[in-house]
Amino acid sequence: MAALGQNLRINPDRLWDSLMDMAKIGPGIAGGNNRQTLTDADAEGRRLFQSWCEDAGLTMGVDKMGTMFLTRPGTEPNALPVYVGSHLDTQPTGGKYDGVLGVLAGLEVVRTLNDLGIRTKHPIVVTNWANEEGARFAPAMLASGVFAGVHSLDYAYGRKDPEGKTYGEELKRIGWVGEEEVGARKMHAYFELHIEQGPILEAEDKQIGVVTHCQGLWWLEFTLTGREAHTGSTPMNLRVNAGLAMARIMEMVQTVAMENQPGAVGGVGQVNFSPNSRNVLPGKVVFTVDIRTPDLAKLNAMRARIETEAAEICEALGVGCSVEAVGHFDPVTFDPKLVSSVRAAAERLGYSHMDLISGAGHDACWAAKVAPATMIMCPCVGGLSHNEAEDISKDWAGAGCDVLLHAVLETAEVVG
Ligand code: HGY
Ligand code: MN
Ligand code: MN
């Protein structure tokens, strides 16, 4: 196979236009997006993506979790495909690029191959994983988790959103229950381009992150039981204060993460007080602790310490305490051969690059359980993500997609 020329590049304006057109669907209130999984906005985004792919000559398959697979044929139909994708669903106050860049970059790779009449031995499949964010239906990366055999389809269908609607009901409501068995597809390789969602690449002035690993994660959902009582007339010594217990646990999580530096993080993003009335002490407090680190032993030690100390905090306050792990994956090592292909592509194209460990979780983490997989990252402004102000440059998006093009072509093998 002839070496890929350094002038082989995607069309960054077309990629950017597609990103901006997708961003019009499920707009947020501050310039970002609220296109949560299985909402009408998600369905509208799916239809737009499908139409673009079919205009590019791709054929669509959908599995029973609603993940979309758009195939460009290879010259050898029996050769396992090279998959390239990410997710179109967003956080409630999400940005325009988290996940979306990876899906539309996959489409841009195909559009470029069509422009240049390039054929590949292996088919190429552009993928939109359902429910990567886990914001509406925990855990994150739910569909790719079922694909990798980590979760059962029944478990996934039964996951409920804050209004009590199930994943299965909502997938059926928007009309995206596919026929394919989840995980029946086999992959030759999987690539995912994603914004870094952290500050390192921008701070180091690097255009490309060559992602070698992804840190592991636990999501620990605590349910604390206090006693509802008047916030004014209840003496301090008679209170069973679940809110105070939560505050002390959050402070403890911060301490545990800081004592495990460098490389560990811990915090809480979601809290629900019940009855959540300003002059009633909460009878119930439900919140999720999110801890992450690339070191597996450290990750599990942090979990054990947090659960032990949370129980002690609650006992001292007479507050009931239960905890359920609602999300988890071990640290991931991506495929060294694919990582080298990404690094070589960045070199060939003249893009500055550095090795990187992904701080956020991605569908690639589950794909890596069933196929050789890796990621490419581009910087984002101030490292900000999961915020409507999330921002990247067209150049960063273009550079990442150029590297994706080269790495995918090297793996899918150009013919002729
Ligand atoms: O939580 C994560 O790391 C990803 O955004 N789902
Ligand atoms: Mn993402
Ligand atoms: Mn995200």
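For the structure itself, consult the block above.
Residues numbered from 1 in each chain as written. Chains lettered and ligands numbered in written order. Predicted model: local features only at pLDDT ≥ 70, side-chain atom pairs only at ≥ 80, totals over all residues. Heavy atoms only, no water.

Chemist: I keep staring at the site of ligand 1 and nothing clicks. Help me out?
Modeler: Near ligand 1 you find E132, E133, A140, W219, R292, A360, G361 and H386, and these make up its full shell. For ligand 1, a nitrogen atom lies 3.0 Å from a polar atom in the side chain of E132. Between ligand 1 and H386 there is a distance of 3.3 Å, counted from an oxygen atom to a side-chain nitrogen or oxygen. Split into classes, the residues belonging to the shell around ligand 1 amount to three nonpolar, two polar and three charged. (Near = heavy atom within 4 Å. Polar contact = N/O pair within 3.5 Å; in protein donor to acceptor, adjacent residues only side chain to side chain. Nonpolar A, V, L, I, M, F, W, Y, C, P; charged D, E, K, R; others polar.)

Chemist: Just to check I follow, could you spell out the pairing of strand 16 (residues 373–378) for this structure?
Modeler: Each regular strand shows side chains that alternate between the opposite faces of the sheet. A large share of strand 16 lies buried, amounting to six of its six residues. Here strand 16 shows two buried faces, one formed by A373, M375 and M377 and the other by T374, I376 and C378. Across six bridges, the pairing between strand 6 (residues 189–195) and strand 16 is parallel. In the sheet register, L193 faces strand 16, and the bridge partner there is I376. (Buried < 20%, exposed > 50% of the residue type's maximum accessible area, 1.4 Å probe, protein only. Helix = DSSP H or I, 4+ residues; strand = E, 2+ residues; numbered from the N terminus. Pairing = 2+ DSSP bridges.)

Chemist: Got a minute to help me understand the coordination of the manganese ion (ligand 3) in this structure?
Modeler: Angles at a metal have ideal values that depend on geometry: 109.5 degrees with four tetrahedral donors, 90 or 180 degrees with six octahedral donors. For the manganese ion (ligand 3), the full set of protein donor atoms is D98 (OD), E133 (OE), E133 (OE) and H386 (NE2), and the range of their distances to it is 2.1 to 2.5 Å. Spacing between the donor residues of the manganese ion (ligand 3) along the chain follows D-x34-E-x252-H. Between the manganese ion (ligand 3) and the manganese ion (ligand 2) the interatomic distance comes to 3.5 Å, and D98 is a ligand of both metals. Separated by 253 residues along the polypeptide, E133 in the loop between strand 5 (124–128) and helix 4 (142–147) and H386 in the loop between strand 16 and helix 12 (394–412) bring together distant segments of the chain. (Donors = N, O, S within 2.8 Å, 3.2 Å for Na, K, Ca; no water.)

Chemist: When you look at the pattern of salt bridges in this model, what are you seeing that I'm missing?
Modeler: Two side chains that carry opposite charge are able to pair once their charged atoms sit near each other. Applying the stated criterion to the full structure yields 19 salt bridges. Close ionic contact of K394 with D13 constitutes a salt bridge, the shortest N to O distance being 2.7 Å. Taken together, the positions of K394 in helix 12 and D13 in helix 1 (residues 12–23) put the pair 381 residues apart, joining distant regions of the chain. Residue R305 pairs with E259 through a salt bridge whose shortest N-O separation is 2.7 Å. Of this pair, R305 sits in helix 9 (residues 296–317) while E259 sits in the loop between helix 8 (242–258) and strand 10 (265–274); the two residues are 46 residues apart in sequence, bridging distant segments of the chain. (Salt bridge = Lys/Arg side-chain N within 4 Å of Asp/Glu carboxyl O.)

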